[in-house]
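Structural overview for review
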Amino acid sequence: MKLNIAVLAGDGIGPEIMPQAIGVLNAVGKKFNHEFVYKEALCGAHAIDEVGDPFPEETFKVCMDADAVLFAAVGDPRFDNDPTLKVRPETGLLAMRKQLGLFANVRPVATFDCLLHKSPLKEEIIKGADFVVIRELTGGMYFGEKYQDNDKAYDTDIYHRHEIERILKVAFEFAMNRNKHLTVVDKANVLASSRLWRQIAQEMEPQYPEVSVDYMFIDNASMRVLTEPRFFDVIVTENTFGDILTDETSAITGSMGLQPSSSLGEHTPLFEPVHGSWPQAAGKNIANPMAMILSAAMMLEHFGLKEEGAAIRKACDDALENNIRTPEIQVEGVRSYGTKEIGEWIANRI
Ligand code: GGG
């Protein structure tokens, strides 16, 4: 198979973790006889610095022409402390999702047996946890009308029926292909937008009679993912709740550096780690490249390359089992490995 891949390394640790994913993909290409063609493009703070736009038109074209986008992360503290700035690295991320129509962000949460003790949660609670969070990605407060002056500010949490229906369809279908249990997470006791989500989910239930559906408020869900993670199979939720909930679930996996994701929708699918750009770690060769590498595995699986995806997952498991780990998940007293060394180890293991 030939895949044209748009490569958006972005900011912070992005330019360090991206080459590791590419090294692993090259090893997969060699072993399984596939051709992966990469085209790099600018996004985030780098793109603002170079062309004044965090998601330039040229990058959009590269993404649209590609079969898949591999994206690392955006964000730069230079843009964080001036509340009046309208152009930020993150506005590029939102523009990218909107312009590519990437409305469904799929974030799997699973444990690694050898890392159970690294979680701040009790092993007997998290062992065997395996669920997927489907986060709506192009609506809600992130995109609703905003206003800000010195005395007042607001964000509008707006959802339209068609946006809710299409993400719920993705979630029901995921549930059909898993353990047929869907949890709709909302705040329907307070928010009108949540009540519309709940109403539409209830209308759709009869189309999926095999799926058992429950409804949970976000505050309760935030607690239950940590106290009873095995309860969940597929969670579907709106943009902001999904962002927060999936950072929280890194407590289950043991590190933010282990959570990959895919973003699916109308145009080119995109694959990215859940974590951000971690600017404090940039240039130090300490960032965990596994979420980026596992995002590449999700990309291959999306195109039906199951064996190839499994080979990457197995190589990552082997690295963790052999203590080839970055500092945040390393066993006490054992030397930890750098971003580059881990990437190379995994690529050699393919
Ligand atoms: N790889 C994800 C990333 O770059 N995250 C930075 C960020 O600003 N995230 C907000 C969001 O995902 O909505």
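Just so it is clear, the model here is predicted, and its values are computed rather than measured.

**Some details on the sheet that holds strand 2 (residues 35-40)**
- Within the open sheet, the ten strands sit side by side as 2-1-3-12-11-4-5-10-8-9. Their pairing is mixed. Either end of the sheet is taken by a strand with one partner, and the two such strands are strand 2 and strand 9 (212-217). For this sheet the average axis-to-axis angle between neighbouring strands, irrespective of direction, equals 25 degrees.
- Examined bridge by bridge, strand 1 (residues 2-10) and strand 2 share six bridges and lie parallel to one another. Within the sheet, the bridge partner assigned to Lys2 lies in strand 2 and is Glu35.
- Here helix 8 (residues 218-227) sits on the sheet and contacts strand 5 (130-136), strand 8 (181-186), strand 9 and strand 10 (234-237); the angle it forms with strand 9, its principal contact strand, is near 105 degrees.

**Here we look at the pairing of strand 4 (residues 104-110)**
- Here strand 4 lies mainly inside the structure; five of its seven residues are buried.
- Judged from the three bridges that link them, strand 4 and strand 11 (residues 260-264) form a sheet pairing that is antiparallel. Pairing of Ala104 across the sheet is with Leu264, part of strand 11.

**Topic: the environment of Thr240**
- Residue position: Thr240 is located in helix 9 (residues 239-248).
- When the C-alpha positions of Thr240 and Tyr142 are compared, they lie 7.3 Å apart, and in sequence the two are 98 residues distant.
- Residues contacting Thr240, with those up to four places away along its chain left out, are Met141 and Tyr142.

**Things to note about the environment of Ala291**
- Following the sequence through the fold, Ala291 ends up in helix 11 (residues 290-302).
- Expressed as a C-alpha distance, the spacing of Ala291 and Ala72, which sit 219 residues apart in the sequence, is 9.3 Å.
- Not counting residues up to four positions away in its chain, the partners in contact with Ala291 are Met256, Gly257, Leu258, Gln259, Pro260, Pro273 and His275.

**Re the packing of helix 1 (residues 14-32) against helix 12 (residues 306-321)**
- Across the interface, helix 1 lies against helix 12 with an axial gap of 11 Å and an inter-helix angle of 130 degrees. Between helix 1 and helix 12, the interaxial angle falls into the category oblique. Seen along the crossing, helix 1 lies across helix 12 with a hand that is right-handed. Facing helix 1, whose interface residues are Val24, Val28 and Phe32, helix 12 presents Glu307, Glu308, Ala311 and Ile312.
- Here the residues of the contact of helix 1 with helix 12 sort into five nonpolar, no polar and two charged.

**Quick look at the pattern of salt bridges**
- Taken as a whole, this structure holds 19 salt bridges when the rule is applied.
- Asp155 serves as the salt-bridge partner of Lys146, at 2.9 Å between the closest nitrogen and oxygen.
- In this structure Lys146 comes out as partly exposed when scored by relative accessible area, which is 48%.
- Via salt bridges that share partners, Asp49, Asp76 and Arg78 belong to a single interconnected network.

**Focus on the confidence of the model for the protein**
- Overall, the predicted model of the protein reaches an average pLDDT of 95, with 100% of residues at or above 70.
- Predicted complex metrics record ipTM = 0.90 and pTM = 0.93.

**As for the site of the ligand**
- Neighbouring the ligand are 15 residues; Ala72, Arg135, Glu272, Pro273 and His275 lie closest to it.
- Note that an oxygen atom of the ligand is positioned 2.8 Å from one of the side-chain N or O atoms of Arg135.
- One of the backbone N or O atoms of Pro273 is found 2.9 Å from a nitrogen atom in the ligand.
- A total of 360 Å² of accessible area belongs to the ligand in isolation, and the protein chains cover 88% of it.

**Points about the UniProt feature "binding site: Mg(2+)" (unreviewed entry) in the protein**
- UniProt annotation of "binding site: Mg(2+)" (unreviewed entry) refers to Asp219, Asp243 and Asp247 when read in the numbering used here.
- Along the chain, Asp219 turns up in helix 8.
- When its relative accessible area of 43% is taken as the criterion, Asp219 is described as partly exposed.
- Of note is the side chain of Asp219, whose polar atom sits 2.7 Å from the side chain of Lys187.
- Overall, Asp243 belongs to the partly exposed group, its relative accessible area being 25%.
- Those residues in contact with Asp243 that lie beyond four places of it in its chain are Arg107, Arg135 and Tyr142.
- A distance of 2.5 Å separates a polar atom in the side chain of Asp243 from a polar atom in the side chain of Tyr142.

About the cut-offs
Residues numbered from 1 in each chain as written. Predicted model: local features only at pLDDT ≥ 70, side-chain atom pairs only at ≥ 80, totals over all residues. Heavy atoms only, no water. Pairing = 2+ DSSP bridges. Helix = DSSP H or I, 4+ residues; strand = E, 2+ residues; numbered from the N terminus. Axes fitted to C-alpha atoms, helices over the stretch in contact; angles between N-to-C directions. Contact = heavy atoms within 4.5 Å. Buried < 20%, exposed > 50% of the residue type's maximum accessible area, 1.4 Å probe, protein only. Parallel < 35°, antiparallel > 145°, perpendicular 65-115°, else oblique. Left-handed = near helix turned anticlockwise from the far one by under 90°. Nonpolar A, V, L, I, M, F, W, Y, C, P; charged D, E, K, R; others polar. Salt bridge = Lys/Arg side-chain N within 4 Å of Asp/Glu carboxyl O. pLDDT = per-residue confidence, 0-100. Near = heavy atom within 4 Å. Polar contact = N/O pair within 3.5 Å; in protein donor to acceptor, adjacent residues only side chain to side chain. Areas by Shrake-Rupley, 256 points an atom, 1.4 Å probe, with all protein chains shown as cover. UniProt positions renumbered as here; feature names shortened; annotations may be inferred.

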